[in-house]
Amino acid sequence: MPLRQRLASLGRNLFQRKRVDSDLDEELRAYVDQLASEKRQQGMTADEALRTARLELGGMQQVKEDVREVRTGRMLDQLLQDLRYGARTLRKNPAFTAVALLALAVGIGANTAMFSVAYGILMRPLPYADADRIAAVFEQYAPRDFQFGTMSIRDYQRWRENNRAFENPSLFRSWRMDIGGTEGIPEQVQGSSVTAGFFSTLQVSPIAGRTFVEGEDKPGNASLAVLSESIWRRRFGASSSVLGRTILVNGAPSTVIGVMPAGFEIPNRLTEVWTNLVLNPPGRFGPWLYRGIARLKPGVTLEQAQAETNNIARRLMQENPYYKRMTMPIRSLRDAMLGTTLRPALLVLTGAVGLVLLIAVVNVANLMLARATVREREMALRLSLGAGRSRLARQLLTESVLLAALGGLAGLAVAWGGINLIRVWNPGNLPLIEAVRLDGTALVFTLLVSLLTGVLFGMVPAFHSSRADLNSTLKEGGRGANTSRSRGRTRAILVVSEIALSLMLMVGAGLLLRSFVNLQRENGGFSTPPSQILTMLISPGNKKYSDAKVGLPFYDEVIRRALSVPGVEFATMTDSLPPDRQGDADTFRLEGQTLGPGEMNPVVTHATVGPDYFRALGIPLVKGREFTRRDDPNSTPVTVISEGFARRFFPHQEALGKHVGYCCDGSNTLWMEVVGIVGDVKYLGLSTDADPAYYMSFAQSYGPRSFFLVRTSGDAALIADALRKEIQSIDMGVTLAQVGTLRQAMDTSVSQPRFDTMLLLLFAGIALLLAAVGVYGLIAYSVAQRTHEIGVRMALGAAQRDVVRMVIGQGAGLAAIGIVAGLAGALALARLLATMLFGVGSSDALTFTAAAFTLLLVVLAATFVPALRATRISPVTALRYE
Amino acid sequence: MAATNLLQGTLDLLILKALALTELHGLAISNRIAQMTNGTFQVKPGSLFPALHRMEESGWLASSWGESENNRRAKFYQLTAAGRRQLQTETEQWKTIALAIGMALETS
């Protein structure tokens, strides 16, 4: 059939409905008239003829309805009709509409927000060409077994020699850099030293100048620097004359060759300077400071590359017996940026928020069912007037989807707010947070979720209505007992599932909360309140301070001035800080120990600290003494070891007086006498076990850049400015960075668990609230329906207490079933959480019990209000109304 | 035979045939069908009008307002080119089917 014709009909039917209808009217009237005039000609009287003609037509309205039924766009027309009708119904029930919309807005909004976060971080393509062909390469080996372990230059060279899978294996290392020069005051920035192939691996072009080219990582090459857009703007006013300029990077003159575009975030978001990593032949095995990055050759799969690097790892193991069970894990660029914990956490949260939506859906379905009861008479009437059952079901579905669409619209607002809050605040320190935004993908997601939601919660009442028993409903004056009973059962099942789902979320949230509380209780091994410790990273800037003879007096002066600031009790230096700033890690030698060729002691935490470090932090001295000011370059080298170190490497013997050798190439070993044993401190994060550690005296292991740590009698944050002024008055070239209290550092180190916990608590809270509303609605409705029965009972002598007990019993029954089902679900869910938990088992009885009890209490509270109302039923009134 | 028992295709074919010679209004179409079939088919308005509107929207019929024989305004239907083609196709189909069914029924 001609499409043009169809479209014309459609347009006419939809937009000229009045004319089309009046045309039809006239056509039919003419038909009747003609028929009547025929009858008259056959000898009937005028009246009789007209009556017979009308009779033969068989009902004007019916014919018109039949004609409309075949018109093009009939479905669309009905849809518009249903939408109009639905909108009117929603407007006329503001309370119902408000509650349903609120539940939907929260449910859909939370899901859209969570989806955007998860999509942005886990899935949105990274802004690098063929980003999924870029891999980060690590080393993982016993005994340290870090999933993202770093490698040494020697290992990198082995990798390069044996590489066939990758385009151009590159190496990089992130560290702090001092930037100085004539262009502005010195400052410390995050920097990265990278090999020549780094930028070509990522295939990102500079916005000015060039990046490193082949050979610029060879020994003896001049020092070069590539700047980030941010530092170029900040220090050079975004001037193109910066190219070719010499700036000071860590005191060494370096030539600026290029500027990277904003948004280039490799290796991380804060990196502002890239220098060429010069691959000097390593003097010894280690240090492990570097990560690999490379692009897969065309046609090579990640698995093939993984097999190859693992082969290389096997070779490395043969060369260095120190490596045990070694692999060289390859991770996608994204995984390397995300770390190990974020992906599972986001997936769990996304699942949890899905449950919240499910509860919201159940809640709205419940409301719809309650309303369906009220509308039973309307439906029965329409059925009896000839509406098809499927037509009625379709209309109810249309209403539901309309409601869901409105809910989705409101949900978009909720999501927009939520996403912006998360972006600005970034409470979880989430990487790639810039990629989180409300975009087309999220809109499509919201649309689909809304439609699905509408169909889901619309299906139940639609199904019920289409089964409605016409006769009994009309007969019973809208109190159809049969359908009501089945509807009541459905509602009870819905409420029970709400309770079960809520319990699952509450148990999950409870477990994370317990785990988080455990983390918060974890003090990292020191007893001074962290709010009384202020730390900052000092870099003296000027190269002359690299010499200990100049540097040590400088730091003595820093300490002297710091102690003059009111409130300061101790001031000292350290290169490592709890809870997660491990300064260095290295292997060591032990007095009297013979190691086979290539054999090594494990790499452990190796910290350099000044006098008073242990006292300032409140790290217990177990035995021996702490470092003093006399442990300087002119005196015997000494070391303090941790209890864990003593236990593991000096088992069943007196460690004091023994000697530990600081690294490690034959004659270069610096032998230090153990003079003290201190408590274990966590330098690798609060949720990991403390690493064995050996400490060196700052004066005997001097480095110009150091954390400066003061302990104050009050709030340490208050003296930051005074301290900064004192220190910079020694030398204007001195830079201070990462100024903050240990409290802040502790908080930051658990920001992701806190983020997870807060979100899951929020979800569980919403779920609980929705479940309470659901229970309340069901019980209140059932009390209203049983007014008569309760009246009779009270007339027959039931006390108010009995009535309350009966109603609450109903709620308790629902809760009991819901809780039993929920506990089973929660056990399964909790297993998914296992890796996110710290110090609490995934089947922690206390959490399960507490969650179940809380839920029971809330359900009973929600039941109590209608129960009280039931007691106020006057038997006389209740019976009279019957 | 009651109008409701008319197969839709049959009704369409009858309407097309009724309009083959000249344009007609609703009542005239049903009269013409009755006449053509010797009164076997009495098409009721409840079937006739939906069919007419459906066929018009399919492009087989065109309608226009005109004067009826007793000087009343009435809506006249006429075949379009597509309608004529449809009449031809349906006629051939019907003949094939009728022949086939006739043969089937005569088989002993």
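Because the structure is a prediction, the values reported are computed rather than measured.

A closer look at the overall build of chain A
- Secondary structure assignment for chain A yields 27 helices and 24 strands.
- By the compact-globule yardstick of 29 Å for 882 residues, chain A is too spread out, its C-alpha radius of gyration being 38 Å.
- In terms of its C-alpha atoms, chain A occupies a principal-axis envelope of roughly 135 × 75 × 55 Å.
- Burial analysis of chain A (882 residues in total) assigns 42% to the buried set.
- Considering only contacts in chain A between residues 6 or more positions apart, those separated by 24 or more positions represent 82%.

As for the sheet that holds strand 1 (residues 24–25) of chain B
Residues and elements named next belong to chain B.
- Pairing is antiparallel in the open sheet, where three strands are placed in the order 1-3-2. Because the sheet does not close on itself, it has two edges, and the strands there are strand 1 and strand 2 (61–67).
- Examined bridge by bridge, strand 2 and strand 3 (residues 73–79) share seven bridges and lie antiparallel to one another. The partner of Ala-62 across the bridge, within strand 3, is Gln-78.

Things to note about the interface of chain A and chain B
- Taken together, the contacts link 22 residues of chain A with 18 residues of chain B.
- Breaking the side of chain A that touches chain B down by element, the ones donating at least two residues are helix 1 (3–15), helix 2 (17–41) and helix 4 (60–70) of chain A.
- Here the element with the most residues in the side of chain A that touches chain B is helix 2 of chain A; it accounts for seven residues.
- Looking at the side of chain A that touches chain B residue by residue, the class counts come to nine nonpolar, seven polar and six charged.

Observations regarding helix 2 of chain A
All names here are of chain A.
- In this model helix 2 runs 36 Å from its N-terminal to its C-terminal C-alpha over 25 residues, within 8% of the 36 Å that 1.5 Å per residue would give.
- Every buried residue of helix 2 is accounted for by Glu-27, Tyr-31, Gln-34, Leu-35 and Ala-36.
- Once helix 2 finishes, Gly-43 follows within two positions and takes phi at roughly 110°, a positive value.

Some details on the nonpolar core
Residues and elements named next belong to chain A.
- Val-356, Ile-499, Leu-503, Phe-763 and Ala-767 are the most contacted members of the largest nonpolar core, which totals 107 residues.
- With 20 residues, helix 12 (residues 342–374) is the single largest residue contributor to this core.
- Setting aside chain neighbours within four positions, we find Ala-767 in contact with Leu-355, Val-356, Ile-359, Leu-501, Ser-502 and Leu-505.

Observations regarding the domain arrangement of chain A
- Partitioning chain A into structural domains gives domain 1 (3–71), domain 2 (131–338), domain 3 (342–521 + 751–880) and domain 4 (530–741).
- Summarising the inter-unit geometry, the C-alpha centres of domain 1 of chain A and domain 4 of chain A are found 99 Å apart.

Thresholds, definitions, all that
Residues numbered from 1 in each chain as written. Chains lettered and ligands numbered in written order. Predicted model: local features only at pLDDT ≥ 70, side-chain atom pairs only at ≥ 80, totals over all residues. Helix = DSSP H or I, 4+ residues; strand = E, 2+ residues; numbered from the N terminus. Rg over C-alpha atoms; globule rule 2.2 N^0.38 Å. Buried ≥ 20, exposed ≤ 12 C-beta atoms within 10 Å, placed from the backbone. Contact = placed C-beta atoms within 7 Å. Pairing = 2+ DSSP bridges. Nonpolar A, V, L, I, M, F, W, Y, C, P; charged D, E, K, R; others polar. Expected span 1.5 Å × (residues − 1). Core = buried A, V, L, I, M, F, W, Y, C linked by C-beta atoms within 7 Å. Domains from an automatic or database assignment.

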